[in-house]
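Structural features, examined
One-letter residues, chain by chain:
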Amino acid sequence: MKVKLFNSDGRELQEFEPIENGKAGLYCCGPTVYNYAHIGNMRPYTFEDVLRRTLEYAGYKVTHVMNVTDVGHLTDDGDEGEDKMIKSAREQGMTVWEIAEFFTKAFFRDTERLNIHVPHQVCLATKHIQEMIDMVKTLEEKGYTYTSGGNVYFDTSKFPEYGKMAGLDKQELQHGARTDVDENKKNAQDFVLWFTNSKFENQAMTWESPWGVGYPGWHLECSAMSSKYLGPHFDIHCGGIDHVPVHHTNEIAQSEAANGCKWVNYWLHNEFIIMKNGKMSKSKGGFLTLQDLVDKGYDAMDYRYFLLAGHYRSQLIFTWESLDAARTAREGLLKKTAQLKAKCSPVDPEDFTDAAVRVRQDFQDHISQDLNTPRCLADIWSALKNNELTDGEKLGLLLDMDRIMGLKLADAELEEENAEPLDSEIEQLILKRQEARKNRDFALSDKIRDDLLARGIQIIDSPDGPKWKKS
RNA sequence: GGCGCCGUACCCAAGCGGCUAAGGGAGUGGAUUGCAAAUCCAUCAUUCAGCGGUUCGAGUCCGCUCGGCGCCUCCA
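In what follows, the accompanying structure is described.

1. Considering the pairing of strand β8 (residues 191-195)
Within β8, five of the five residues are buried, leaving the element largely enclosed by the surrounding structure. By the bridge criterion, three bridges tie strand β7 (residues 151-154) to β8 in an arrangement that is antiparallel. Across the sheet, residue Y153 finds its bridge partner in β8, namely V192. With two bridges connecting them, β8 and strand β9 (residues 215-216) associate as antiparallel partners.

The following block contains the structure:
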């Protein structure tokens, strides 16, 4: 299976050609663990998970690397943007290290609930300070840096290709439009590699370096760690679309300058989840976490389904109505899968008839067309409705497709009715209701039904007698 | 000011110039039911913001207009 991906570098669909035959190196920008991740933050990890699964499905041996930004970039107390959670954590006397650990755990709990594979290599920025220092040294030796105001800067004028992917050369940027201009910079786009002179007081995390005690620049970690685990030239780098103009632009500059070769072949960027009134952010409100959805009674996997229903490069509008639709659809899909499981075994793709082979081929065409997951969901539903297929083939197809979609279809179980024992009082009520129905006393029978529902027992009348489900 | 994206049914959302415009949700009709719920079946855009152009052929390409969004600070 050939996989076509939209490469931000060049802005076109390209067939994936690995550097090393049969292998794929994948680096993904990870979370900054100084707050809970909101549901918009979870989109890249879900999309990257689908990408990884697709590459694996296509037969590649994938090495998936992700960083965790646990270096403290804490702002001072006067920062209005500071999250209440961080503030309260600090008030509770947690150190930045403890805060980082706390939110790292929270992050991986979320990704687990979304059935996102843990990357093969999760690297903490704080464990790779030496690699970052080495990289700055290399850049310094090669003449790409200067020191000013106590900080080491990358001199973008020494790197002619600067901003090529982002098309920055075509733009007339308004520098200082929203931030103070750093007077120490030679060029407006230069960025700090190593800080010894923080504009923030009380920097909690600092390390020794040839330039003095300080901490690394914000872009350095991805360059240093990706090269360590994937080499100076690797296949794919992913991240949010917002990273293109600054973070990834700077990563490319410092990596290629330091390594002296092309760094990344394919750049993949996901678009944002937006709320009705725009981007999800603390300031605009609508900061929802996965836990918020769970608290409202949704399954985290409903959110995965919701994400898969939109293409990763399109802005996706989050509404509760959409999430409801995703929940209903996912539950229905699970139920149908469970029904198939109950009556047959899956047919192995090797033994598919032509009709099933065609369905599978369609699915593969769609996923390999820049990960068209919405279309793939349609393929799943079409397979269920396709009467050219046997039940065993349908099940075989579902399980095969779910290797990429990750909806846990293999775990689908029929909801057991009458499974849980009822206490005798409820049992009596059910019997009483049956009696009332027999006597056509529907006022009474409906009242009992309502009462039971209020106690969490849903009655389902069927020809074989009443069944019940605990809700 | 500059750069970029988008506008498809009631909602979400696919659609790489060419068979009858995917799929899900909601709705509607029917089966079933004492009635509900659940389930099953069926149905649901002659039309893709508007206008103009290119083409044998356009939702898909080009131009303009209107409307929405993102970026140029950290941000997924």
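Still more ground to cover, so stick around.
2. Thoughts on the sheet that holds strand β6 (residues 145-148)
Overall, antiparallel pairing links the four strands, which are arranged β6-β7-β8-β9 in an open sheet. Across the chains shown, the open sheet's two edge strands, defined by having one partner strand only, are β6 and β9.

3. With respect to empty space enclosed by the protein
Within this structure, the stated rule accounts for two cavities of 30 Å³ or more. The calculated volume of the largest cavity comes to roughly 100 Å³. R43, T46, F47, V50, L307, L308, G310, Y312, L371 and T373 are the residues that line the largest cavity. Sort the elements by how many residues they give to the lining of the largest cavity and helix α1 (residues 42-57) lands first, with four residues. Of the residues belonging to the lining of the largest cavity, the class tally is six nonpolar, three polar and one charged. The volume enclosed by the second largest cavity comes to roughly 70 Å³. Forming the boundary of the second largest cavity are Y45, E48, H64, M66, F107, F108, T111, I116, H117, V118 and P119. Ranked by residue count, the leading element in the lining of the second largest cavity is helix α3 (residues 96-113), at three residues. Of the residues in the lining of the second largest cavity, the class split is seven nonpolar, three polar and one charged.

4. Things to note about the nonpolar core
If you look at the biggest cluster of nonpolar residues, it comprises 70 residues, and the most contacted ones within it are I236, Y303 and F318. The element that contributes the greatest number of residues to this core is α1, accounting for seven residues. If we ignore the near neighbours within four places in the chain, the residues touching Y303 are I39, G40, M42, L114, I273, L290, L293, F318 and L323. Counting 52 residues, the second largest nonpolar core, distinct from the first, contains V68, I129, V152 and L230.

Criteria and thresholds
Residues numbered from 1 in each chain as written. Chains lettered and ligands numbered in written order. Predicted model: local features only at pLDDT ≥ 70, side-chain atom pairs only at ≥ 80, totals over all residues. Heavy atoms only, no water. Buried < 20%, exposed > 50% of the residue type's maximum accessible area, 1.4 Å probe, protein only. Helix = DSSP H or I, 4+ residues; strand = E, 2+ residues; numbered from the N terminus. Pairing = 2+ DSSP bridges. 1 Å grid on protein atoms, 1.4 Å probe; cavity = no way out; pocket = protein on both sides within 12 Å on 5 of 7 lines; lining within 4 Å. Points joined across faces, edges and corners; volume = space filled by probe spheres on them. Nonpolar A, V, L, I, M, F, W, Y, C, P; charged D, E, K, R; others polar. Core = buried A, V, L, I, M, F, W, Y, C linked by side-chain atoms within 4.5 Å. Contact = heavy atoms within 4.5 Å.

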